[in-house]
Structures are given as C-alpha cells and as structure tokens.
Amino acid sequence: MDDMPAYSLRTRIAEGRDHRVVKDKLLSILVIVFSAITIFPIVLIIGKLISKGYKQINLDFFIKKAPDTYEAMTALNAGEIIPGGILNGITGTLLMVLMAALIAIPLGLLIGIFLYEHGSKKYAGLIRDISDILQGVPSIVLGLIAYFWVVKNITHGFSALAGSTALAIMMLPLIIRSTEETLKMIPDSIKEAGFALGVPYHKIILRVLIPTGFSGLLAGILLAISRIIGETAPLMLTALGSMEVNFNIQKPTSAVPLLIWEFYNDPNMVDLIWSSSLFLMALVLILNIVTKSIRSKK
Amino acid sequence: MSEIIKHIEDPVLDIQKLSIAYNKDKYAVTDVNAGIKRKRVTAIMGPSGCGKSTLLRAINRMHDLYSNIVIDGKVFLNGEDTSELSAIHLRRKIGMVFQRPNPFPTMSIYDNVLAGYKLNGIRLKKTQRDEIVEETLQDVTLWDEVKDSLLKKGTFLSGGQQQRLCIARALAFKPDVLLLDEPTSALDPVATKKVEELLIKLKKNYTILLVTHNMSQAARISDFSMFMYMGELVEYGKTKDMFINPLDKRTEEYLTGKFS
Ligand SMILES: Nc1ncnc2c1ncn2[C@@H]1O[C@H](COP(=O)(O)OP(=O)(O)OP(=O)(O)O)[C@@H](O)[C@H]1O
Ligand SMILES: [Mg+2]
C-alpha cells in the first residue's frame, strides 16, 4: 500500500465511484418500476371506487338504512340518486366485529402468551401447527362450522352471534401469531430485570411484557380486524343479512360486505355497490395506516 | 504473604458446596465454598465461560426461572438458607445489575426507580415515593442529571446514566447485597469511571459482589477477589495480596495475561 503511487490510488477511487454511480442509478430505476407495479392496482381500484361511488356518499349514506328495491327503482326512474344508506350494514359490521374481537382477543392473547412461555415444548408446537392450519381454512368452511354450532344449536336461526363466531375463529390464529412474535421481540434482559426485583412470573407478563409489547399487540389486533372486516362468505351462512338496524345478537344481522353482495344482486342498486365498496375500502385502508403508524412509532 | 481465605467472620453471604449444572453431566460451577465480607467489594474474575455469571445468579436464585438446572449446595444470607426464603423477600435483600443497562422501556425514570415496589404491588404514599426516588438517585449520583426530567422514559438516558438508573432500581429496596455482572462492559471509559466511583461510595452501606473481566477494574475497586477457572473457585483472597503474589499457578497466568 505504502509504495503505491498516489495518482493510481486516486484513479481507483474515481473508478470505484463511477461504478457505484451506475449501480445506484440502475437500482433507483428498478425501485421506481417495482413501486409502480405494486401501486398501479391500488390506484386503479381506488380511482374506480371513487369515480363510481362518490355520488352516493352523503350524510344519508351513514345514517339511513338500505333502501328496498322499489325505492331504488323509483329514484332511478326519476333520475335521482338512490335514497337511503347502509346504516344497517355499518351497525351490523360494528356489532359482529366487536363481538368477534371480544371473543378472539382474550383467547388469542392467552394462547399467544402460553406459546411464548412454553414455546419449546412439544404440545406448544402442536398448538402452533393447529393455529397455522386454522389460518389456512377457507372462510366459507368456517362459516359452515359456525352454522352447525351456533345457528343450528344455539340461536336456532341465523344470528349475529353465529357471524361473530366465524369471524372470531378467523381472527384467532392471527392474534395468536402476532402475540407470540411480539413477545419474542422483547429482550430477555427486560424480563430478567423484573425477576431480579422479585416479581412473580405472571406479574412480569402482565406488568412488564404486555406494556412493553403493547404497540405490537395492538397492531396485531388491528391487522386481524382489517382482515375480517370485509369477509362476506362466512356471514352469508351465519348472519344472513337484515333490512333493519339490529343489535340483538340472536337475530339475523346485516354487514357492509353482505350489503354489497345484496346490491350486486339487485339491478336497481348498482350505484350503491360502489359507494359501499369505497366505504369498506377506506375503512380497511385507515386500519392499515393506523397499524403501520403504531408499529413504526415505538 | 497472601493466604487463601478459608473463613470469614459473620459473612453476609455464605456459599457452601455450591455446584450448578445446566445439563446433568456438565457442571458450570463445582463445589464453591466462600463467605462474603460485609460492606466490601468482592470481585469475581476468571476467563470467559468459567462460571462467574452462573455463580452470581445462584445467589439471588435467578436460576429458579429455568427448570432443568441442577443446583447442589446452599447459599446463606445472614445465616438464613436462601432456598427457604421467598423469592420476593430474597430479592428485596439482594439487588442485581446486569451487563447491559435494562431499564423498563415503558416506565419513566421515576417509575424505574420504584419498579420493585410497583411491579410487586407494594403501595406507597406520594411523599414516600418522592423520598425514595430522590434519595436513591442521589445515592447513585444521578439526581442532579435527571431531577428535571424524572417523568421522561428511562431509555432516553445515555448508556452510563441508564446503568446508574438500574443500580438505583436495585438499591431502592435498600438491599444488603448488590450483585453486578460485568456492569461496565457495555459502557465507555468515562461512564465506566463514574460507575466505579459510585461502587466505591456504595460500599459504605452495601456489600457488593462484582463480576468483572477487567483486571484493572478489580484492582481499582475491590477489597477481595475470587479467581474462578472452569467452574472451580481456584483462589480467593485480599485483592492486593492476590495481585501481588498469587498462590495458584492458574491465577498467576490469568493475571499476567497468559490467557483470557
Ligand atoms: N443457559 C445456559 N444453558 C446451558 N449452558 C450454559 C448456560 N449459561 C451458561 N452455560 C455454560 O455454563 C458455563 C459457565 O457460563 P457462565 O455464563 O457462568 O460463564 P461466565 O464466567 O459468566 O462467562 P463470561 O465471562 O463469558 O460471561 C459455560 O460453559 C456456558 O457455556
Ligand atoms: Mg458472564
């Protein structure tokens, strides 16, 4: 190195720099191309939803029940926008998602914590496998199961409870997984600090691990909700749908995706498909953005 | 003339025939006998993997966490068999500080000092809490640096400040013994010096057991030193004696840097 002439070293550095510049350029072009490929469908979807759906989005859309086909037809013939909204769908989705969350969150957290604690034992592997399989079960099959469990045996008819059961089973493996992963990311040293202060294990979980992993746990829950909020197939077999705003968990209930399906089947309601889809899409998008910001904040 | 310490009058800790194995046949600590002198700094030295941490963690029963560890022998704290004390009682009497500063990330500086109380559900009046926090932070010479930001998260502090906060957290219960496992190995020289000065100050009130890789650190701040090798306690004596005139060949080789 020492006897190498200075100019040669300088030339080499310059050459290296040129090389890097070309590489950097190539890389940024690739980045732009790939981002374009991924963004394109999203832009297309959102563009379509907005252009077709915005007309129907007004206050009534959020505070009125879905119209019947006669009302829609009358409006259509008069050249007006379809009256009414999707309130029965919004309340139904709220009710069922909330109930599903109430079932799946505590169970998922408990099982996730259990797997975290006993992760290396044999039966933990089994539980993990079952949870993975559950995650792969087609949602319509879960709807069928909820139909036989709840619709036939518990509520003796289509019901919000049955819908929530199907959704809860869908959420469960997602929450189990995210809980275990989140807790695993917390360094052992934090746990040991708790032990060294004489804190019993269950209190360390409750008062140290859960608060420390809180944002991760919350993000996992929100992501699970955003995954199920648009589910349609299992609800057809369980909640069925309803023209009314319903808060009785034993009664058939509507949901936004169910309404979209109903609108699709009614030639007079086509315009409402787009606005309802836009609403659902916005909901999922917001949930995802909130989840992302929670994840990155910590 | 140096001598191997066989007996210490009224020891805080008395380790008797202590052997520890992570796997049934491979002992990480074998047959350690030692009394620990009250209100002194005792250093535990030895090459990597010789069992220093394993020994230290047996004293406050951190090994309780893992079910397949085999422990033979006993440790007495002020004459009481530690295996018969409740973990919470024992760990209120024996504080521990780790290699990497590990303040609770969700807690403020204030709450970190009080973590032992909070996490164990011990309720204190506001005035008591304030008093403990101020006194303990004064003790670890952190008060002046953080008194205006007590409600900020502990993780915002520098590494050295975090480590002093962790020492404060361990001292908030006013333990008899403070165990430290290489507390300065993740710190820069300036922060290390502060912690060392702090330990010298703390030995007025506390018995300190310090695992260190750093021989000059042991020489600077410890009164007694243990040298461990492959799980065995090879030599235990006054630090000065041991550094000037080690009795065992292995101690001498370690101190002269023949192996590390
Ligand atoms: N959790 C564990 N499971 C199995 N073996 C372990 C475990 N922890 C330590 N050991 C083994 O026990 C022996 C002593 O380890 P220990 O951590 O006590 O050494 P140490 O003196 O503290 O080393 P270092 O200076 O590197 O921290 C080593 O052989 C190590 O491999
Ligand atoms: Mg160690």
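As a starting point, this report considers the structure included with it. Small disclaimer: the values here were computed from a predicted structure and weren't measured.

1. Examining a nonpolar patch on the surface
A surface patch of nonpolar side chains, amounting to about 480 Å² of accessible area, comprises Ile29, Leu30, Val33, Phe34 and Ile37 of chain A. Relative to the helices and strands, Phe34 of chain A resides in helix 1 (residues 6-53).

2. A short note on the environment of Asn33 of chain B
Residues and elements named next belong to chain B. Tracing the backbone shows Asn33 in strand 2 (residues 26-36). The exposure class of Asn33 is partly exposed, given its relative accessible area of 41%. The spatial distance from the C-alpha of Asn33 to the C-alpha of Asp14 is 7.7 Å, given a sequence separation of 19 residues. Setting aside chain neighbours within four positions, we find Asn33 in contact with Ile15, Gln16, Lys17 and Leu233. Among the polar contacts listed, one links the side chain of Asn33 to the backbone nitrogen of Lys17, at a separation of 2.7 Å.

3. A closer look at the packing of helix 4 (residues 87-117) of chain A against helix 12 (residues 256-264) of chain A
Residues and elements named next belong to chain A. The interhelical angle for the contact between helix 4 and helix 12, taken along N-to-C directions, is 145 degrees, at an axis separation of 7 Å. From helix 4, Asn88, Gly89, Ile90 and Thr93 reach across to helix 12, where they touch Val256, Pro257 and Leu259. Considered class by class, the residues forming the contact of helix 4 with helix 12 number 4 nonpolar, 3 polar and no charged.

4. With respect to the side chain of Arg57 of chain B
The topology assignment puts Arg57 of chain B in helix 1 (residues 52-59). Classification of Arg57 of chain B by relative accessible area gives buried; the value is 12%. In terms of polar contacts, Arg57 of chain B uses its side chain to reach the side chain of Glu192 of chain A, at 2.6 Å. The residues contacting Arg57 of chain B, other than those within four sequence positions of it, are Glu192 of chain A together with Met62, His63, Tyr66, Met96 and Phe98 of chain B.

5. A closer look at the site of ligand 1
Residues and elements named next belong to chain B. Close to ligand 1 lie Tyr22, Lys26, Ala28, Ser48, Gly49, Cys50, Gly51, Lys52, Ser53, Thr54, Glu182 and His213, which account for all nearby residues. Note that an oxygen atom of ligand 1 is positioned 3.3 Å from one of the backbone N or O atoms of Cys50. Residue Glu182 places a side-chain N or O atom 3.4 Å away from an oxygen atom belonging to ligand 1. Within the complex, the protein chains bury 61% of what would otherwise be the 630 Å² of accessible surface of ligand 1. Among the elements of the structure, strand 2 and helix 1 are those that each provide at least two residues to the shell around ligand 1. Top element by residues in the shell around ligand 1 is helix 1. It accounts for 3 residues. Of the residues in the shell around ligand 1, the class split is 3 nonpolar, 6 polar and 3 charged.

6. Details of the sheet that holds strand 10 (residues 232-238) of chain B
Residues and elements named next belong to chain B. Read across the open sheet, the 6 strands follow the order 6-7-8-3-9-10; overall the sheet is mixed. Each having just a single partner strand, strand 6 (94-97) and strand 10 make up the two edges of the open sheet. In this sheet, adjacent strand axes meet at a mean angle of 15 degrees when their direction is disregarded. As paired elements, strand 6 and strand 7 (residues 177-181) share 4 bridges and run parallel to each other. Its bridge partner lying in strand 7, Val97 is registered against Leu180. Helix 7 (residues 159-171) rests against strand 6 and strand 7 of the sheet, and its axis sits at about 165 degrees to strand 6.

About the criteria used
- Residues numbered from 1 in each chain as written.
- Chains lettered and ligands numbered in written order.
- Predicted model: local features only at pLDDT ≥ 70, side-chain atom pairs only at ≥ 80, totals over all residues.
- Heavy atoms only, no water.
- Patch = residues over 30% accessible without salt bridge, like charges linked within 9 Å, V, L, I, M, F, W, Y side chains within 5 Å.
- Areas by Shrake-Rupley, 256 points an atom, 1.4 Å probe, with all protein chains shown as cover.
- Salt bridge = Lys/Arg side-chain N within 4 Å of Asp/Glu carboxyl O.
- Helix = DSSP H or I, 4+ residues; strand = E, 2+ residues; numbered from the N terminus.
- Buried < 20%, exposed > 50% of the residue type's maximum accessible area, 1.4 Å probe, protein only.
- Contact = heavy atoms within 4.5 Å.
- Polar contact = N/O pair within 3.5 Å; in protein donor to acceptor, adjacent residues only side chain to side chain.
- Axes fitted to C-alpha atoms, helices over the stretch in contact; angles between N-to-C directions.
- Nonpolar A, V, L, I, M, F, W, Y, C, P; charged D, E, K, R; others polar.
- Near = heavy atom within 4 Å.
- Pairing = 2+ DSSP bridges.

Take it as geometry only, folks, not as evidence of what the structure does.
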